[in-house]
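Report on the structure
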Amino acid sequence: MAKYVYDFTEGNKDLKDLLGGKGANLAEMTNLGLPVPPGFTITTEACRHYLAEGAVPRGLEEEIAQHLSALEARMGRKLGQSDDPLLVSVRSGAKFSMPGMMDTVLNIGLNDESVHGLAKQAGGNERFAWDSYRRLVQMFGKTVLDIDGDRFEEALESVKGARQDTDLSAEELQRLVETFKGIVREETGADFPADPREQMRLAIKAVFESWNSGRAVLYRRQERIPADLGTAVNVCSMVFGNVGDDSGTGVAFTRDPGSGRQGIYGDYLQNAQGEDVVAGIRNTVPLQDLEHIDKDSYDNLLSIMKTLENHYRDLCDIEFTVERGKLWMLQTRVGKRTAAAAFRIATQLVDQGLISMDEAVQRVTGDQLAQLMFPRFAQDTGNKLLTKGMNASPGAAVGKAVFSSPRAVELAAKGEDVILVRRETTPDDLSGMIAAQGVLTSRGGKTSHAAVVARGMGKVCVCGAEELEVSISGKKFTAPGGVEVVEGDVISIDGSTGEVFLGEVPVADSVVVEYFEGAEPEDELVRAVDRIMRHADSKRRLGVRANADNPEDSARARRFGAQGIGLCRTEHMFLGERRQLVEDLVLASDKEERQAALDALAPLQKSDFIGIFQAMEGLPVTVRLIDPPLHEFLPDLVDLSVKVALGNASDKDKRLLDAVRRLHEQNPMLGLRGVRLGLVIPGLFAMQVRAIAEAAREVPGAQPEIMIPLVGAVQELEAVREEALGILAEVGVEALIGTMIEVPRAALTAGQIAEAAQFFSFGTNDLTQMTWGFSRDDVEAAFFSRYLELGIFGVSPFETLDRDGVGRLVRIAAEEGRRTRPDLKLGICGEHGGDPDSVHFCHEVGLDYVSCSPFRIPVARLEAGRAALAGHDSDTR
């Protein structure tokens, strides 16, 4: 029979798939002899069974009962025992950290009788006991019984008034418990469950079900966490930080997760339970203050922090509770960190001898590198400084102030930039945090929900801006000096300094971009980036090229580390003032007029190519011959029709209108474009090939590669190739001739096409459209959001390569192409060339290079190195 429950003494940190991250790490800390409250973990397998079948697996309840009995025997108390109760927490814990996205219930086992036993345990502390009881009813009501949490908050606020929750008396808390139980009765039609085992049973099911809560689904989609993992459930004996001022709860990091700098970092809250710190309901004190509050616990905590960081060889995030002077460890995990911290910490750990440079490259990601390349605020702009809070997650964000998550989502969907302003965020604010450019809160510390989630998703965040008076109902906040900011006013927040400005602050290039542009790596962060990039470059097999269509982009691509151009789109050279020449080509009535139009275009094309070849200084340049249908270069049908109807049209306008109508296609994506255009309009491709060849002849060391687009049959390529070879021989230049693989038929007949092609470049934008049957310009707005909600997509197939469908075509084409021509050069030039996951796939299938926009080149370089170090050695050659 399957085993579904593990005691904390049975697991270890390598069992995250089974025990979830929290359970595996609680077991690991137990194994290390650290002070962990006893408990047990219900596996992710049990959760998956429950979610699939609607019932817990057979034997689970018996296993839970056995482990609970063992826990009771160890603690010398029974769950909910009236005179001396054992209380437990029930907490979620998935393989990947999902802070605040799933459910937790504390103080299970309390009822009208055991609350007195708890007070007795605490030396007659009635206030502590009733505070714990009201927390149970409030948490249980919200998370297990699905009652609107505002009902409990409003009842609490009405009793507190302007006081802190710690100022409430035992009598007030006792009355509040009765009020909360009345809310439960009113909302559910039943009494709050007094049976401790029933409380635990319902809480466990609620945690299972929270895996599919709206916020959990949204977070998984944002972080690309698989939906089928399920969560473990951790049942842990309670320790209490809310007994009095000699107790408390806190969160600690072994290094600063915002900057990566070493030191003592974290938050502590006296007389509080664990959720209070993360929720940000009261402002915390810095962790250093614990030294003056309880030096023994502080010294013990620092020793444990050092033990954990050396054991995990990484930044650790720790949750702890002090109960009447005794330190307890409630959780540890490898901590989420900002992009800057990730690079700094990786190189610091190398210098400390804890990890190798190979591991350092694996500790950072291309997405983090991209975040470091985002602009920062310019200095001394004159904008009014409203206040300064905590620099919770770095970066520069500008947008309209909004005061609710639904409003943030609404405006962002219209293309507007917004800053979400809250007193504190809750897990229900996740949709607004994703939609916003940044998050600003007036409460909470650097380990609050807002800070932790924002850092995890690379979102700018300033929290704990205590000087701001935030009115959610009034949709405004008031800053010192009486400055009032209402919804819709533009503000700027600096997550690196904690500063909040009125209006839009101008931005400047980041120091990392300046480094890639050629500046010396003088900044500590830039030196870390430089070390990791150099090592990644030394390890990668994949080349990295650029998609660039002009000398300026080509030169920047070189500075960013491009090893050539993988896609030069020649159609971009026909825009602007040159449209006139394309119009002449379309209107040509005979061979002579057509040739005259082509002769006028040729020197312009040649000049463009000379500039690009010079910028690339002898590196390969893949030039794609014209791809779009010609009507895209002509005036708009409606504009021409209006001109003609009003009698304002010239003779040329009338001829253009006839041409536009003649060239009109119902589905131009699948019409007269690419190789078809070159075969139908004599001389068009020949003009381009000659311009390429003559430009290459004038630039020493130039390496042109001529790419024929939209080939679906080898015969199409052969027809163009024969003419191109003749022109190259005539000019006296050598060039590779290949094709884009962007039509599914081309991928499936790659073995034949490779007989005429010296290289393949996978045009995955069009290949994705044609494989899925999508028109990208239409479908993304029409139904992609619904597909993402339903889980049909984990991520848009235009952002990350669809490995199962499009990826399989790429794999087939690579294998069959190289079977025909072993030295066939393979690359990718769609937007996927700069996507981290897609870069790893390209390494796995044995491509020679990826090509992406100049700005994404460093990302592709880093990910190519990470792919090589990950052990993907399935080179198809």
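Residues numbered from 1 in each chain as written. Predicted model: local features only at pLDDT ≥ 70, side-chain atom pairs only at ≥ 80, totals over all residues. Heavy atoms only, no water.

Bringing the overall build of the protein into the picture now. Counting its regular elements, the protein contains 36 helices and 31 strands. Over its C-alpha trace the protein gives a radius of gyration of 32 Å, about what one expects of a compact globule, namely 29 Å for 877 residues. Viewed in the frame of its principal axes, the protein has a C-alpha envelope of about 105 × 60 × 55 Å. Looking at the protein as a whole, 56% of its 877 residues qualify as buried. Pairs at least 24 apart in sequence give 69% of the contacts found in the protein among residues at least 6 apart. Of the roughly 34800 Å² that the protein leaves accessible, carbon and sulfur atoms contribute 46%. Separation between the mean location of the 98 positive side-chain charges and that of the 133 negative ones in the protein comes to 2 Å. (Helix = DSSP H or I, 4+ residues; strand = E, 2+ residues; numbered from the N terminus. Rg over C-alpha atoms; globule rule 2.2 N^0.38 Å. Buried < 20%, exposed > 50% of the residue type's maximum accessible area, 1.4 Å probe, protein only. Contact = heavy atoms within 4.5 Å. Areas by Shrake-Rupley, 256 points an atom, 1.4 Å probe, with all protein chains shown as cover. Lys, Arg positive; Asp, Glu negative; His and termini not counted. Charge placed at Lys NZ, Arg CZ, Asp CG, Glu CD.)

Right, let's get into the sheet that holds strand 14 (residues 396-402). In a beta sheet, neighbouring strands pair by backbone hydrogen bonds and run either parallel or antiparallel. Strand order in this open sheet of eight strands is 12-22-21-14-15-16-17-13, and the pairing throughout is mixed. The sheet terminates laterally at strand 12 (385-388) and strand 13 (390-393), the two strands that pair on one side only. Taken pair by pair, the neighbouring strands of this sheet meet at an average axis angle of 30°, ignoring direction. Judged from the three bridges that link them, strand 14 and strand 15 (residues 418-422) form a sheet pairing that is parallel. Residue pairing for strand 15: alanine 401 is matched across the bridge by isoleucine 419. Where helix 16 (residues 405-413) meets the sheet, its contacts fall on strand 14 and strand 15, and the angle it forms with strand 15 comes to roughly 180°. (Pairing = 2+ DSSP bridges. Axes fitted to C-alpha atoms, helices over the stretch in contact; angles between N-to-C directions.)

The next point concerns the nonpolar core. Judged by nonpolar contacts, the single largest core of 133 residues is most densely connected at Phe343 and Val529. Top contributing element to this core by residue count: helix 27 (residues 684-698), with ten residues. Once residues lying within four places of it in the same chain are set aside, the contact partners of phenylalanine 343 are Val364, Thr365, Gln368, Leu369, Leu372, Leu525, Ala528, Val529, Ile532 and Leu862. Membership of the second largest hydrophobic core comes to 56 residues, among which are Tyr50, Val90, Phe128 and Phe180. (Core = buried A, V, L, I, M, F, W, Y, C linked by side-chain atoms within 4.5 Å.)

Attention shifts here to the pairing of strand 25 (residues 565-569). Most of strand 25 is tucked away: four of the five residues are buried. Note: strand 24 (residues 543-547) against strand 25, two bridges, orientation parallel. Looking at the pairing, asparagine 547 lines up with leucine 567 of strand 25. Bridge count for strand 25 against strand 26 (residues 620-624) is three bridges, and the pairing is parallel. The residue of strand 26 that forms the bridge with cysteine 568 is valine 623.

On to the pattern of salt bridges. For the structure on display, the rule yields 59 salt bridges. Between arginine 201 and glutamate 198 there is a salt bridge; the shortest N-O distance is 2.7 Å. Highlighted residues: arginine 201 and glutamate 198, both in helix 8 (residues 196-210), separated by three residues, approximately one helical turn. Note that arginine 407 and glutamate 410 form a salt bridge whose closest N and O atoms lie 3.0 Å from each other. Of this pair, arginine 407 and glutamate 410 both sit in helix 16, separated by three residues, roughly a single helical turn. For arginine 407, a relative accessible area of 28% puts it in the partly exposed group. Connected through salt bridges with shared partners, the residues Glu571, Arg624, Asp627, Arg673 and Asp766 form a single ionic network. (Salt bridge = Lys/Arg side-chain N within 4 Å of Asp/Glu carboxyl O.)

With that settled, consider the packing of aromatic side chains. Considering all chains together, one arrives at 21 aromatic pairs under this definition. Each ring, one from phenylalanine 784 and one from phenylalanine 798, has its centre 6.0 Å from the other, and the planes form 15°; the classification is stacked. One end of the pair, phenylalanine 784, is in helix 33 (residues 784-790); the other, phenylalanine 798, is in the loop between helix 33 and helix 34 (806-820), and 14 residues separate them in sequence. An identical accessibility class is assigned to phenylalanine 784 and phenylalanine 798; each is buried. Through pairs of rings, three or more aromatic residues link up here, namely Trp772, Phe774, Phe783, Phe784, Tyr787, Phe793 and Phe798. (Phe/Tyr/Trp six-rings, centres within 6.5 Å; stacked < 30°, edge-to-face > 60°.)

Take the sheet that holds strand 8 (residues 285-286) next. Pairing is antiparallel across the open sheet formed by five strands, whose spatial order is 8-7-6-9-10. The sheet is open, and its two borders are formed by strand 8 and strand 10 (326-334), each paired with just one other strand. As defined by bridge partners, strand 6 (residues 248-255) adjoins strand 7 (residues 262-270) across seven bridges and the pair is classed as antiparallel. Bridging from a neighbouring strand, glycine 248 pairs with glutamine 270 of strand 7.

Okay, a negative patch on the surface next. A cluster of acidic residues, Asp148, Asp150, Glu153 and Glu154, forms a negative patch on the protein surface. Positionally, aspartate 150 belongs in helix 6 (residues 149-160). (Patch = residues over 30% accessible without salt bridge, like charges linked within 9 Å, V, L, I, M, F, W, Y side chains within 5 Å.)

Quick look at the state of the cysteines now. Applying the stated rule across the entire model yields zero disulfides. Sulfur of cysteine 47: no disulfide; nearest cysteine sulfur belongs to cysteine 236 and is 19 Å away. On the basis of relative accessible area, cysteine 47 is assigned to the buried category, the value being 0%. Here cysteine 236 is not cross-linked by a disulfide; its sulfur's nearest cysteine counterpart is in cysteine 316, at 18 Å. (Disulfide = S-S within 2.5 Å.)

A separate point is the packing of helix 6 against helix 7 (residues 170-188). Taken N-terminus to C-terminus, the directions of helix 6 and helix 7 make an angle of 155°; their axes are 10 Å apart at the nearest point. Judged by the angle between their axes, helix 6 and helix 7 are roughly antiparallel. Considering how the two elements wind past one another, helix 6 and helix 7 form a crossing that is right-handed. On the side of helix 6, the interface is formed by Arg151, Phe152, Ala155, Leu156 and Val159, while helix 7 contributes Glu172, Leu176, Thr179, Phe180, Ile183, Val184, Glu186 and Glu187. (Parallel < 35°, antiparallel > 145°, perpendicular 65-115°, else oblique. Left-handed = near helix turned anticlockwise from the far one by under 90°.)

Along helix 4 (residues 114-121), the positions that sit buried rather than exposed are Ser114, Val115, Gly117, Leu118 and Ala119. For helix 4, the secondary structure elements touched by its buried residues are helix 5 (126-144).

Now for the packing of helix 2 (residues 44-53) against helix 8. A pair of packed helices can be characterised by two numbers: the angle between their axes and the separation between those axes. The contact between helix 2 and helix 8 brings their axes to 9 Å, and the two run at 80°. Between helix 2 and helix 8, the angle falls in the class roughly perpendicular. The residues of helix 8 that touch helix 2, namely those facing Ala46, Cys47, Tyr50 and Leu51, are Lys205, Phe208 and Glu209. Broken down by class, the residue content of the contact of helix 2 with helix 8 amounts to five nonpolar, no polar and two charged. (Nonpolar A, V, L, I, M, F, W, Y, C, P; charged D, E, K, R; others polar.)

We now examine unusual backbone geometry. For residues besides glycine, phi is generally negative; the peptide bonds are generally trans as well. Even without a glycine there, the phi angle at arginine 224 is positive, about 60°. The class of arginine 224 is partly exposed, set by a relative accessible area of 43%. Its identity is not glycine, yet glutamate 617 carries a phi of approximately 50°, on the positive side. Its place among the elements puts glutamate 617 in the loop between helix 23 (591-616) and strand 26.

Our next topic: helix 28 (residues 714-731). For helix 28, spanning 18 residues, the distance from its first C-alpha to its last is 25 Å, which sits close to the expected 26 Å at 1.5 Å a residue. Within the span of helix 28, buried status applies to Val714, Glu716, Leu717, Val720, Ala724, Ile727, Leu728 and Val731. A positive phi of about 85° marks glycine 732, the residue just after helix 28. (Expected span 1.5 Å × (residues − 1).)

Per-residue confidence for the protein gives a mean pLDDT of 91, with 98% of residues at or over 70. Scored below 50 in pLDDT, residues 872-877 shows 19 contacts in the model against residues more than four places distant or in partner chains. (pLDDT = per-residue confidence, 0-100.)

A few words now on the environment of isoleucine 318. Along the chain, the position of isoleucine 318 falls in strand 9 (residues 316-323). Along the primary structure isoleucine 318 and glycine 266 are separated by 52 residues, whereas in three dimensions their C-alpha atoms are 9.1 Å apart. Those residues within four positions of isoleucine 318 in sequence are excluded, and the remaining contacts are Gly250, Val251, Ala252, Thr254, Met305, Leu308, Met329, Gln331 and Thr332.

All right, on to the environment of glycine 141 then. Within the secondary structure layout, glycine 141 lies in helix 5. Here the alpha-carbon distance between glycine 141 and isoleucine 183, two residues 42 residues apart in the chain, equals 8.6 Å. Beyond its immediate stretch of four places on either side in the chain, glycine 141 contacts Leu136, Asp146, Ile147 and Phe152.

The next point concerns the side chain of threonine 44. As for its position among the elements, threonine 44 is in helix 2. By relative accessible area, threonine 44 is classed as buried at 1%. Residue contacts for threonine 44: discarding those within four places in its chain leaves Asp17, Leu18, Gly20, Leu229, Gly230, Thr231 and Ala232.

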